[in-house]
Amino acid sequence: MNKKKFNKGLLDFLDASPTPFHATQNMASVLENTGFVRLLEENKWKLKEGGKYYVTRNDSSLIAFTYPKSSDYMMLGCHTDSPNLKLKPHPIIKEHGVVKFAVQPYGGLLLNPWFDRDLSLAGKVSYLNAKNEIKETLIDVRKSIAIIPSLAIHLDKQANTERSVNKQTHISPILSTNDDFNFEDFIRTQLAQNKIKDVKELYASELSLYDTQKASYVGLNDDFIASARLDNLLSCYVGLVALCAVEADVPMLLIASDHEEVGSRSSVGAGGSFLENTLTRMYPDYDAYMQMIRTSIMISADNAHAIHPNYADKHDKDHSPYINKGTVIKVNANQKYASSTTGISKFMHVAKSVGEPYQHFVTRSDMGCGSTIGPITATRLGLETLDIGLPTYAMHSIRELAGADDAHSLYKILLGWRDK
Ligand code: ZN
């Protein structure tokens, strides 16, 4: 797939995936259109050699894999979630002449960029239908229905030097001046638009605010891609497109996990049992399972901090990736990243063979280092693991920025993996 078509698909995927639920649903539909067969965890599995399969958990994490004779898998790990504002169970506050959403931050989000953005709402809703069955469905309002207005500078002269954001009191998005607003009616209207009308009662929901501004190219020569959720839907998309491009006799697996931004410790996060459970069912014989584990590699793809041109002192000057200069290999002596000599060498070898660039990243030694799903997976399963990522600015902002060349470059490296 050429870069133009690849990036067009990326922008569409970003816009269509405001929550991990939507990202998972969109990945599943691409997989089904490419011949992958859906497995359900609660059913008996009858895997056929040469088949292609996928399975989801909580509708927010997904594993897809080919099932060939050989078992030396190239696994690609990524995450479906991004920092955002989620509605609280009692989501409506009415005060000071407006109706507001009560929200709680999910993950380590950069709060300032959430002000003065046109926000919409999406996620999962459960309800009781006319037959007394509990059903779940996804909704996406799409329209801009809310906004968090900034406090004017006249009311806070220190706004540009000292303003901090209180997560409880400052970030409630306002959605109406009409005091009669009823949240249940609003959700019922959304369900009706999805042709769901037999709603006796609404139960729980998991709804997130998101920016309605579409993903787009930015830059004189379309150098950048600006969007929400580049961390880490960018990697999900690269892995998805690569998996769909390989033949069924190539052992490849994609795992896209929820809850990375809050530490991965959940039944659907990378610290949970989803991957181990799936691999065990693929290889029920323990000896065959261990052979697969020790001949496979997990490439954990999460975004990497590109050197910020206005804050260059925040980076190690000799290990600072540039935008559009290739995939970043992440190294940390204290195992915040799982990359070892073996995995790094293999990646360098494949990248060189297909003529694609790569870069190295190390955090400044006097600063803390973030972590990701790589070390968690390595610890749980004993897989050789490599942490990589695509260079990004403004990570965890409501609008992040990546290069227009890097994702396609990583895609070519993943496709080259089998031939080297
Ligand atoms: Zn991430």
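As the structure is a computational prediction, the values presented were derived from the model and not from experiment. (Residues numbered from 1 in each chain as written. Predicted model: local features only at pLDDT ≥ 70, side-chain atom pairs only at ≥ 80, totals over all residues. Heavy atoms only, no water.)

## Focus on the pairing of strand S7 (residues 119–129)
At step 1: Along S7, 11 of the 11 residues are buried, which leaves the element largely enclosed by surrounding structure.
At step 2: Hairpin remark: S7 followed by strand S8 (residues 134–140), antiparallel, with 4 residues in the connecting loop; positive phi at Asn132, about 65°. (Buried < 20%, exposed > 50% of the residue type's maximum accessible area, 1.4 Å probe, protein only. Helix = DSSP H or I, 4+ residues; strand = E, 2+ residues; numbered from the N terminus. Pairing = 2+ DSSP bridges.)

## Examining the coordination of the zinc ion
At step 1: In the first shell of the zinc ion, the protein supplies His79 (NE2), Asp231 (OD), Asp302 (OD) and Asp302 (OD), at 2.0 to 2.6 Å from the metal.
At step 2: Positions of the donor residues of the zinc ion along the chain correspond to the pattern H-x151-D-x70-D. Of this pair, His79 sits in strand S4 (residues 74–79) while Asp231 is found in helix H4 (residues 230–245), placing the two residues 152 residues apart along the sequence. Side by side, His79 and Asp231 carry an identical accessibility label, which is buried. (Donors = N, O, S within 2.8 Å, 3.2 Å for Na, K, Ca; no water.)

## Structural notes on the domain arrangement of the protein
At step 1: When the domains of the protein are assigned, the result is domain 1 (3–82 + 228–419) and domain 2 (85–211).
At step 2: The distance between the C-alpha centroids of domain 1 and domain 2 comes to 30 Å.
At step 3: Every contact between the two is made by 20 residues of domain 1 and, on the other side, 20 residues of domain 2.
At step 4: Between domain 1 and domain 2, roughly 1,600 Å² of surface is buried when both sides are summed, and carbon and sulfur atoms account for 62% of that area.
At step 5: When the area that domain 1 buries against domain 2 is broken down by residue, the three leading residues are Phe21, His396 and Ile398, summing to 38%. (Domains from an automatic or database assignment. Contact = heavy atoms within 4.5 Å. Buried area = accessible area lost by both parts, 1.4 Å probe.)

## Side note on the packing of helix H2 (residues 20–33) against H4
At step 1: Two elements in contact, H2 and H4, have axes separated by 10 Å at closest approach and are oriented at 10°. Comparing the axis directions of H2 and H4 gives the class roughly parallel. Seen from above, H2 lies across H4 with right-handed handedness. Between H2, through Ala23, Met27, Val30 and Leu31, and H4, the contact on the second element is made entirely by Leu233, Cys236, Leu240, Leu243 and Cys244.
At step 2: Residue classes in the contact of H2 with H4 are distributed as 9 nonpolar, no polar and no charged. (Axes fitted to C-alpha atoms, helices over the stretch in contact; angles between N-to-C directions. Parallel < 35°, antiparallel > 145°, perpendicular 65-115°, else oblique. Left-handed = near helix turned anticlockwise from the far one by under 90°. Nonpolar A, V, L, I, M, F, W, Y, C, P; charged D, E, K, R; others polar.)

## Here's the deal with the layout of surface pockets
At step 1: Of the pockets and cavities examined, the largest pocket occupies roughly 840 Å³.
At step 2: Lining the largest pocket are 34 residues, and of these His305, Thr392, Ala394, Met395 and His396 lie nearest its centre.
At step 3: When residues of the lining of the largest pocket are traced back to their parent elements, those giving at least two are strand S15 (304–305) and strand S19 (391–393).
At step 4: Each of two domains, domain 1 (3–82 + 228–419) and domain 2 (85–211), supplies a minimum of three residues to the lining of the largest pocket. (1 Å grid on protein atoms, 1.4 Å probe; cavity = no way out; pocket = protein on both sides within 12 Å on 5 of 7 lines; lining within 4 Å. Points joined across faces, edges and corners; volume = space filled by probe spheres on them.)

## A closer look at the environment of Pro309
At step 1: Relative to the elements of secondary structure, Pro309 occurs in the loop between S15 and strand S16 (327–330).
At step 2: Taking the relative accessible area as the measure of exposure, Pro309 reaches 58% and is therefore exposed.
At step 3: In this structure, the C-alpha to C-alpha distance between Pro309 and Ser273, residues 36 residues apart in sequence, is 41 Å.

## Considerations on the nonpolar core
At step 1: Among the nonpolar cores identified, the biggest contains 53 residues, and Leu31, Leu62, Val238, Leu243, Phe347, Ile388 and Leu414 are the most heavily contacted of them.
At step 2: The element best represented in this core is H4, accounting for 11 residues.
At step 3: Aside from chain neighbours lying at most four places away, what touches Ile388 is Ile299, Ser300, Ala301, Asp302, Thr327, Val328, Ile329, Lys330, Phe347 and Leu410.
At step 4: Grouped together as the second largest cluster of nonpolar side chains are 31 residues, Leu85, Phe181, Ile187 and Leu191 included. (Core = buried A, V, L, I, M, F, W, Y, C linked by side-chain atoms within 4.5 Å.)

## Some details on empty space enclosed by the protein
It is the rolling of a water-molecule-sized probe over the atoms that shows where space remains empty.
At step 1: For the structure on display, the rule yields 4 cavities of 30 Å³ or more.
At step 2: There is about 160 Å³ of room inside the largest cavity.
At step 3: In terms of lining residues, the largest cavity is bounded by 20 residues, among which Ser82, Pro83, Asn84, Ala228 and Arg229 are the most central.
At step 4: In terms of residues, the lining of the largest cavity owes the most to one element, strand S10 (residues 199–211), which gives 4 residues.

## Structural notes on the side chain of Ser82
At step 1: If you trace the backbone, Ser82 turns up in the loop between S4 and strand S5 (84–95).
At step 2: A polar atom in the side chain of Ser82 sits 2.9 Å from the backbone oxygen of Asp231.
At step 3: Beyond its immediate stretch of four places on either side in the chain, Ser82 contacts Tyr106, Arg229, Asp231, Asn232 and Glu261. (Polar contact = N/O pair within 3.5 Å; in protein donor to acceptor, adjacent residues only side chain to side chain.)

## Things to note about the packing of aromatic side chains
At step 1: Counted according to the given criterion, the structure contains 13 aromatic pairs.
At step 2: With a centroid separation of 5.1 Å and an interplanar angle of 35°, the aromatic rings of Phe6 and Tyr411 are classed as tilted. Of this pair, Phe6 sits in helix H1 (residues 3–16) while Tyr411 sits in helix H9 (residues 406–416), and the two are 405 residues apart along the sequence. Each of the two residues, Phe6 as well as Tyr411, counts as buried.
At step 3: By way of ring pairs, the aromatic residues Tyr53, Phe65, Tyr67, Tyr73 and Tyr283 are connected into one cluster.
At step 4: It is Lys86 that lies over the ring of Tyr106; its NZ or CZ is 4.7 Å from the centre. (Phe/Tyr/Trp six-rings, centres within 6.5 Å; stacked < 30°, edge-to-face > 60°. Lys NZ or Arg CZ within 6 Å of the ring centre and 35° of its normal.)

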